[in-house]
Protein chains: 2
Amino acid sequence: MADELLQSRGVKPTPQRVVITQFLLDSHDHPTADEVLEGVKDSLPVSLSRATVYNTLNTLVEAGVVKAVSLEPGRTRYDANTIEHHHFVDTKTGKIIDIPWEKVSQLCQTLGPEYKIQDYQITFFGELAEPTP
Amino acid sequence: MADELLQSRGVKPTPQRVVITQFLLDSHDHPTADEVLEGVKDSLPVSLSRATVYNTLNTLVEAGVVKAVSLEPGRTRYDANTIEHHHFVDTKTGKIIDIPWEKVSQLCQTLGPEYKIQDYQITFFGELAEPTP
DNA sequence: TTCTGTATTTAGAATAAATCTAATTTAAGA
DNA sequence: TCTTAAATTAGATTTATTCTAAATACAGAA
Ligand SMILES: [Mn+2]
Ligand SMILES: [Mn+2]
Ligand SMILES: [Zn+2]
Ligand SMILES: [Zn+2]
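Residues numbered from 1 in each chain as written. Chains lettered and ligands numbered in written order. Predicted model: local features only at pLDDT ≥ 70, side-chain atom pairs only at ≥ 80, totals over all residues. Heavy atoms only, no water.

## Thoughts on the packing of helix α2 (residues 15-26) of chain A against helix α3 (residues 33-40) of chain A
Residue and element names in this part refer to chain A.
Next up, step 1: It is at 10 Å that the axes of α2 and α3 come closest, and there the two elements cross at 110 degrees. Between α2 and α3, the crossing angle belongs to the class labelled roughly perpendicular. Contacts from Val19, Ile20, Phe23 and Leu24 of α2 reach α3 at Glu35, Val36, Gly39 and Val40.
Next up, step 2: Partitioned by chemical class, the residues of the contact of α2 with α3 number six nonpolar, one polar and one charged. (Axes fitted to C-alpha atoms, helices over the stretch in contact; angles between N-to-C directions. Helix = DSSP H or I, 4+ residues; strand = E, 2+ residues; numbered from the N terminus. Parallel < 35°, antiparallel > 145°, perpendicular 65-115°, else oblique. Contact = heavy atoms within 4.5 Å. Nonpolar A, V, L, I, M, F, W, Y, C, P; charged D, E, K, R; others polar.)

This is the structure:
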């Protein structure tokens, strides 16, 4: 599973990369680099370096295998759900859950009564056109 | 200006707080804590501690005088524009500009041809209702 | 198979944002 | 003036991430 995914994206599937990728595929809670290290280190016969976790995560992001998510200051989270989607941050628990892209239909209206929205923000990424002279 | 704003939000307007608040009111580029320190330290007769900058920024956020913005990993930016609005991140320059709330009308459609949108993401903050048993 | 070069991993050092600590200053009120 | 709480300060500390330099792994050539 992880193995083929890596192959298809042109990333050599080393044991460390496979195990980290699989962990992210199985996660639904947007783990941090540290949570990845904790969750993965015992499933390798060798000691896993923190540097390898960061190297791998950066490689995976660059190859489009996972997405980096920065919703809170201080640490980046990682998401194997690469389909376009939004996030809902529970301000009580800090839990970040996925919101399907289609759920946000007319002008970001109702997600449903189970979400008590206090605030939301759309972040656009792109390039600003040069002003025409 | 900054003085009255602080008063009205119940924050004692010390020289450090006034000068930092004024700097943010005059900024339109979402400065970081370090940029605030650099931009402000020479307009005080005393040396300004980094701790004071962070203390003040946290106080201002808590009092609703400014907003903390975390769009990129690693550092928080600060925004004296407290009217609800979105942000546009120029992926070439890193520049973050404000998008008026109303601009995003039907399902986050066109901002106008000057914005070449590569990606966007809506972040919701709120509380998840308990599942009814 | 052995050789060789490149990619990957590793432990630990370095960096950078933010917070903490403990001492000092400020300033309001009795 | 005296008291006291709040605010500020320099510097140390913490935490996330990156860097460095050495060790490993491993594919391809000979
Ligand atoms: Mn602005
Ligand atoms: Mn940091
Ligand atoms: Zn997600
Ligand atoms: Zn803004």
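## Focus: the coordination of the zinc ion (ligand 3)
Residue and element names in this part refer to chain A.
Next up, step 1: Surrounding the zinc ion (ligand 3) are the protein donor atoms His30 (NE2), Asp79 (OD), His85 (NE2), His87 (NE2) and Asp98 (OD), which sit 1.9 to 2.3 Å from the metal.
Next up, step 2: Ordering the donors of the zinc ion (ligand 3) by residue number gives the pattern H-x48-D-x5-H-x1-H-x10-D. Note on accessibility: His85 and His87 belong to one class, buried. (Donors = N, O, S within 2.8 Å, 3.2 Å for Na, K, Ca; no water. Buried < 20%, exposed > 50% of the residue type's maximum accessible area, 1.4 Å probe, protein only.)

## Examining empty space enclosed by the protein
Next up, step 1: Under the criterion given, the structure shown has one cavity of 30 Å³ or more.
Next up, step 2: What the largest cavity holds in volume is close to 40 Å³.
Next up, step 3: A per-class count over the lining of the largest cavity returns two nonpolar, four polar and four charged. (1 Å grid on protein atoms, 1.4 Å probe; cavity = no way out; pocket = protein on both sides within 12 Å on 5 of 7 lines; lining within 4 Å. Points joined across faces, edges and corners; volume = space filled by probe spheres on them.)

## Overview of the domain arrangement of chain A
Residue and element names in this part refer to chain A.
Next up, step 1: What the domain assignment lists for chain A is domain 1 (2-79) and domain 2 (85-126).
Next up, step 2: On the side of domain 2, six residues touch domain 1, which itself brings seven residues to the contact.
Next up, step 3: Together domain 1 and domain 2 conceal approximately 520 Å² of surface at their shared face, both sides included; 64% is due to carbon and sulfur atoms.
Next up, step 4: Contact with domain 2 buries area across many residues of domain 1, yet His30, Leu71 and Asp79 alone supply 65% of it, more than any other trio.
Next up, step 5: On inspection of domain 1 and its partner domain 2, the count reaches zero salt bridges.
Next up, step 6: Counting across the interface, domain 1 meets domain 2 through five residue pairs in polar contact (both at pLDDT 80 or more). (Domains from an automatic or database assignment. Buried area = accessible area lost by both parts, 1.4 Å probe. Salt bridge = Lys/Arg side-chain N within 4 Å of Asp/Glu carboxyl O. Polar contact = N/O pair within 3.5 Å; in protein donor to acceptor, adjacent residues only side chain to side chain.)

## Focus on the environment of Gly39(B)
Residues and elements named next belong to chain B.
Next up, step 1: Counting through the fold element by element, Gly39 comes out in helix α3 (residues 33-40).
Next up, step 2: On the basis of relative accessible area, Gly39 is assigned to the partly exposed category, the value being 42%.
Next up, step 3: Each C-alpha atom, one on Gly39 and one on Val19, is 9.7 Å from the other, the two residues being 20 residues apart in sequence.

## Some words on the pairing of strand β3 (residues 85-90) of chain A
Next up, step 1: β3(A) sits mainly inside the fold: six of its six residues count as buried.
Next up, step 2: The alternating pattern of β3(A) places His85(A), His87(A) and Val89(A) on one face and His86(A), Phe88(A) and Asp90(A) on the opposite face, and all of these are buried.

## Describing the protein's contact with DNA strand C
Next up, step 1: Taken together, 16 residues form the shell around DNA strand C, and within it Thr14(A), Ser47(A), Thr52(A), Tyr54(B) and Thr76(B) come nearest.
Next up, step 2: For DNA strand C, the backbone portion of the atoms within 4 Å of the protein, that is sugar and phosphate, comes to 78%.
Next up, step 3: At 3.0 Å, a side-chain N or O of Arg17(A) approaches a phosphate oxygen of DNA strand C.
Next up, step 4: For the surface near DNA strand C, the secondary structure elements donating two or more residues are α2 and α4 (50-63) of chain A together with α4 (50-63) of chain B.
Next up, step 5: Residue classes in the surface near DNA strand C are distributed as five nonpolar, nine polar and two charged. (Near = heavy atom within 4 Å.)

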